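As a plain string of letters, each chain reads:
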Amino acid sequence: MADPSTIPLAHHFEDQEQQHETTAIGMWAFLLSEVMFFGGLFTAYLVYRNRYPEAFLEASGKLDVTLGTLNTAVLIGSSLTMALAVRAAHMGSRGGVVRWLLATIIAAGIFLGVKAVEYSHKFHDGLVPGANYAFKGTASADTELFFALYFGATGMHALHMVIGVGLMAVVAWRWRPNNVVQHPDGVEVLGLYWHFVDLVWIFLFPLLYLLGRHV
Amino acid sequence: MNPLTVTAVPKPKRNFWNHDFSVKSWLLTEDHKRIGILYLLSITLFFFLGGVMAVLIRLELLTPAGDLVQAETYNKLFTMHGVVMVFFFLLPSIPAVFGNFLLPLMLGARDLAFPKLNLLSWYIYMVGGVFTLFVVFKGGVDTGWTFYTPYSSTYANSHVIAAALGIFITGFSSILTGVNFIATIHKMRAPGLTWFRLPLFVWSHYATSLIMVLGTPVVAITIVLVALERLFRLGVFDPELGGDPLLFQHLFWFYSHPAVYIMILPGMGVISEIIACFSRKRIFGYRFVAFSSMAIAALGFLVWGHHMFTTGQSVFASLVFSLLTFLVAIPSAIKVFNWTATLYKGSISFSTPMLYALGFIGLFAIGGLTGLFLGCLGLDIHVHDTYFIVAHFHYVMVGGMVMAFLGAIHFWWPKMTGFMYSEFLAKIAAAIIFVGFNMTFFPQFVLGYLGMPRRYHVYPEEFQVLNVLSTAGASILGFGFLLPAFYLIYSLKAGRRAGPDPWQAKGLEWTVDSPPHPHNFETVPVVTEGAYEYGPEEVKRG
Amino acid sequence: MNQPATTSSPGEPASASYPLRPYLLVFFGLMGLTALTTTVAYVDLGFLNTTVALAIAGVKALLVVLIFMHVPHSGKIVWALASAGLLFLIILFLLTMNDYVTRAMVMGWE
């Protein structure tokens, strides 16, 4: 484990333990707000799924399950690499932190790339809500709602991923060899954030992609 | 020289004001006290901006005809008045100014848990404020501060997206402040400062922070959805696409009802501090008051549908929300009873802060009780969207919250600045504000009950007398609000210097210099007694 | 939070204090559950499809929260915050749906 005496301690804290626990509580309180942020979207989904079950089933069938499952696997992989980055930080391994953060960034990049492909497919198929929406199906207007929620939710999720990637780049840069000693807490709270992003997708995936597969 | 008026005036010690006068040291400060002052300046500006809009509204309502401004302009006025007052004054006020300034002092800490985050909160607030100012100067938004769909999402021609963006950004300021306070209160209490020895101000800010963190994100995503609907026709609230405008209201009020508790809880914390000090007594039923703050925070999330009784919500859901609304009144009532019991057999001194606290109790009681009327389905059908509602929320927000804010300023001004203001002028201002306030808003209860709808710039002739009365009151109220600006600023030049504890109050903040040293405490205090331990000698001296 | 899961004695490498196994097990568990949920989605279970999908998602979420996010090691306050998030999310869902599912309801006096 990294030598505690070299880890920076902010002036307003008494000791490392207080700093560490306070930082963890702060991050969890922030994640609490993130839960409610996505909660609003899930509520909208719940309301409209309840109202228009057939339309949702039909619209969900237009999503690409292969790409969705692939992305889920990629994101889970990125959670693992992030957990390993946190582990490396606690063990004081600067190289490990940088390597595993880069791996996470690459995984995130793959996810976002696949998402971009999916979005472009939707655009070509006329499934983007708005002036060019073309999917009539049997339930017409109500399927547009599904796609509004699809783009809203996955878009918000992707935005959170982009922010996460930015933060990872910053943290990886700080952990580069020959830089001042960094606090493992930084990587740890980043890890909490990234796992949260994974959690959101764990619920988005079945609710968006797997609805009507059995019909 | 009259020895009675001169207190020894040594050169001021090193404090958080005078250790560095550069602009950079202010704009890049991590000192919670300086950040509190920065917030004080910004929210005062927004308060006066919102006040100007109120003046124009009341001027228009002097006559039944719409002769001062056009209907569209009037819609923009009441919208911007609401947006500015709610999001840029009421919500941040006490937490951002007094919470920031006092929490570390009350806890015996050197700063908040995350000082840099604190500064970021202020900058985020300012950016949101700039967006809103932009909206004001570009012609305003006319949807009402409640942004109901489908008007806001589809039909409005005003700057809805910019306004939504301003509010969205400022919401983050609130969330980050809440995060900071939660972490600070949990982990940065001085040795011996257990939860039940905390000042009630701290309890109320803890409860407020929970609401900030849990509620604000929901309104954030909601206005994002409105913006997306305007930009990309995403259609979540658009009936043409199968959407339900009422879903907007559910998501909006899920936050905006608890938001009113974000506004009032810190004020209640202030009142506890003031009442204890100027009765020279412990707060009666300390634990009840502490837990009632938590109960208000929790129950406050269960009642939002009472804003939607007339808009198409199911009758069953309305009944459920009505019942829950009656429940949430109970913890507020508990506070009022306990404050009153504290006053009983206390050694009361009618200082300016105490005048504001007593005013709060009475006016909040009226506002709160009328809230119960509104929670009653049958009555609400009659008075919803009338001036009864307007009067109700101004009684709790202005008669309650703003009084608490003014009380806080007058109580902690000597601590923050090291100067005393003119008690004589302050008491006069308090009286003027009290009279002006009631004259403005009490007639509005009557107007609402008689059927005058809100958000209309024209009204039937029979309502003119009460409207003129209300506007007259507003001019008195406005004058009253201006007075503190003058005598408080004047005190910085010519006021008597205050020592560490001019009110002989209990609490860790009164053990440090006025103004405090940048690092608050020379040595970390160790706490051995509960809050408000006013002993018999204190009672005599008060 | 993040006291090492086990403390290593002087001769052991630091990695013994931060074991790798739990993370790898969770990773494979999550992958397996993902494969499961996609496969089961094609089997017709009627209304149970959604329930099963959400149950699997719930298990995945628990694995992430408990192992990746170390909640059990993080103290009571973190537990309380995590639980509060879940609680208020449920409140948001329940009270909102309470309106929608009762819209068609006819009251006793109507």
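Quick look at the structure, then. (Residues numbered from 1 in each chain as written. Chains lettered and ligands numbered in written order. Predicted model: local features only at pLDDT ≥ 70, side-chain atom pairs only at ≥ 80, totals over all residues. Heavy atoms only, no water.)

Here the idea is simple: oppositely charged side chains can pair when their charged atoms come close. This structure, assessed with the given rule, holds 13 salt bridges over all chains. Of the charged contacts in the structure, one is a salt bridge between D513(B) and K13(B), with a shortest N-O distance of 3.1 Å. One end of the pair, D513(B), is in the loop between helix 16 (464–494) and helix 17 (536–541); the other, K13(B), is in the segment before helix 1 (23–27), with 500 residues separating them in the sequence. The exposure class assigned to K13(B) is exposed, which follows from its relative accessible area of 55%. Linked through salt bridges whose partners overlap, the residues forming this network are R51(A), D244(B), D99(C) and R103(C). (Salt bridge = Lys/Arg side-chain N within 4 Å of Asp/Glu carboxyl O. Helix = DSSP H or I, 4+ residues; strand = E, 2+ residues; numbered from the N terminus. Buried < 20%, exposed > 50% of the residue type's maximum accessible area, 1.4 Å probe, protein only.)

Here we take up unusual backbone geometry. All names here are of chain B. Note that the residue after T149, namely P150, is joined by a cis bond; omega there is -5°. Considering the arrangement of structural elements, one finds P150 in the loop between helix 5 (115–138) and helix 6 (151–155). With an omega of -10°, the peptide bond running from S514 to P515 counts as cis. Residue placement: P515 occurs in the loop between helix 16 and helix 17. Of note, the phi angle at F147 is positive, near 50°, even though the residue is not glycine. Along the chain, F147 falls in the loop between helix 5 and helix 6. With a phi angle near 50°, R280 is a residue other than glycine that sits in the positive phi range. Mapped onto the elements of the fold, R280 is located in the loop between helix 9 (245–279) and helix 10 (286–299). With relative accessibility at 3%, the residue R280 sits in the buried group.

Another point: the interface of chain B and chain A. Taken together, the contact pairs 38 residues of chain B with 32 residues of chain A. Across the chain B to chain A interface the summed buried area is about 3,000 Å²; carbon plus sulfur atoms make up 72%. It is R110(B), K187(B) and I221(B) that lose the most area in chain B upon contact with chain A, and together they represent 19% of the buried surface on that side. The interface formed by chain B and chain A includes three salt bridges. Note that E21(A) and K187(B) form a salt bridge whose closest N and O atoms lie 2.4 Å from each other. For the pair chain B and chain A, the interface holds nine residue pairs in polar contact (both at pLDDT 80 or more). If you list the elements that add at least two residues to the side of chain B that touches chain A, you get helix 7 (160–187), helix 8 (200–232) and helix 9 of chain B. Looking at the side of chain B that touches chain A, the element that brings in the most residues is helix 8 of chain B, giving nine residues. In the side of chain B that touches chain A, the residues fall into 28 nonpolar, four polar and six charged. (Contact = heavy atoms within 4.5 Å. Buried area = accessible area lost by both parts, 1.4 Å probe. Polar contact = N/O pair within 3.5 Å; in protein donor to acceptor, adjacent residues only side chain to side chain. Nonpolar A, V, L, I, M, F, W, Y, C, P; charged D, E, K, R; others polar.)

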